[in-house]
Amino acid sequence: MIPTREQAWEWLCEYNESDSLRKHALTVEGVMRHFAGLYPGEDPELWGIVGLLHDLDYEKYPEQHCTKTQEILREKGADEVIVRGTASHGYGLCCDIEPVSTMEKVLFTIDELSGLITAAALMRPSHSVLDMEPKSVKKKFKDKRFAAGVNREVILQGAERLGMEMDTVIAETIEGMKKIADSIGLGMAAEG
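Below is a summary of the structure that appears in this document. (Residues numbered from 1 in each chain as written. Predicted model: local features only at pLDDT ≥ 70, side-chain atom pairs only at ≥ 80, totals over all residues. Heavy atoms only, no water.)

Packed helices, taken two at a time, are described by their axes: the angle between them and the distance between them. At their nearest, the axes of helix α1 (residues 5-15) and helix α2 (residues 19-36) sit 11 Å apart, and the two run at 150° to each other. Judged on the interaxial angle alone, α2 and α1 are roughly antiparallel. Taken as a pair, α1 and α2 cross one another with a handedness that is right-handed. Of the residues in α2, those in contact with R5, W9, L12 and C13 of α1 are R22, A25, L26, E29 and R33. Residues that form the contact of α1 with α2 fall into these classes: five nonpolar, no polar and four charged. (Axes fitted to C-alpha atoms, helices over the stretch in contact; angles between N-to-C directions. Helix = DSSP H or I, 4+ residues; strand = E, 2+ residues; numbered from the N terminus. Parallel < 35°, antiparallel > 145°, perpendicular 65-115°, else oblique. Left-handed = near helix turned anticlockwise from the far one by under 90°. Contact = heavy atoms within 4.5 Å. Nonpolar A, V, L, I, M, F, W, Y, C, P; charged D, E, K, R; others polar.)

As C-alpha cells, then:
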C-alpha cells in the first residue's frame, strides 16, 4: 500500500514530535518532489512520501535508525518500494540496503545536503533559501567546520551515483527547497 500524503504525515508525527525533525522531513519531501519532476516517468507523490518518511524512526529509535523504520512501515502495510526507499538513505552508515533506483540515489544524496543548505540559509541575513545561490553553499561545503555533522562524503558519493555534477545537485536541491520555503521556515523574513 502506498499511503496518502496525509497518512504519511500522521505516521511521521506519531513517531516524531521535534519541530526540527518534522521540518527536515518536509524539506526532504519537497526536494524529492522537485527531483522527481526532473526524471520523465517518475512519480513526485511517491518520491515525496519516501522523503517525508525517511527519518520516521530517528527521534524514538536513533540507535536503530533505518532498521526500525522498515519494521514500522511493514506493520502499517506500506509497499516495499517505500520500505526500501526510506532505508536506503542510510547505506554504509546504519544499513546495508544500497540505493539502486533513481529515487533511492536522490534521497541518499540530498538528505545530508538539504541539512547543509538549511544551516547555510539560517546564517544569511535573510534566513532564507529564496535568495541563496549555489556558490554560497559550495563555499560552506568546503568549510568542514561549518555544519560539521553533515556527512559531505555521502553527498559526494550520492552525486557520483547519480552521475550528476555537484553544482547541479546543489542548484536543484536549492530549487526544491525554494518551492516550500515558507512551510520549512526558510522564506523571506518579514521586514521590520
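Next comes the rest of the account.
Along the polypeptide, D55 turns up in the loop between α3 (44-53) and α4 (67-75). R22 provides the closest opposite charge to the buried, salt-bridge-free D55, at an N-O distance of 12 Å. Among the polar contacts listed, one links the side chain of D55 to the side chain of H89, at a separation of 3.2 Å. (Buried < 20%, exposed > 50% of the residue type's maximum accessible area, 1.4 Å probe, protein only. Lys, Arg positive; Asp, Glu negative; His and termini not counted. Salt bridge = Lys/Arg side-chain N within 4 Å of Asp/Glu carboxyl O. Polar contact = N/O pair within 3.5 Å; in protein donor to acceptor, adjacent residues only side chain to side chain.)

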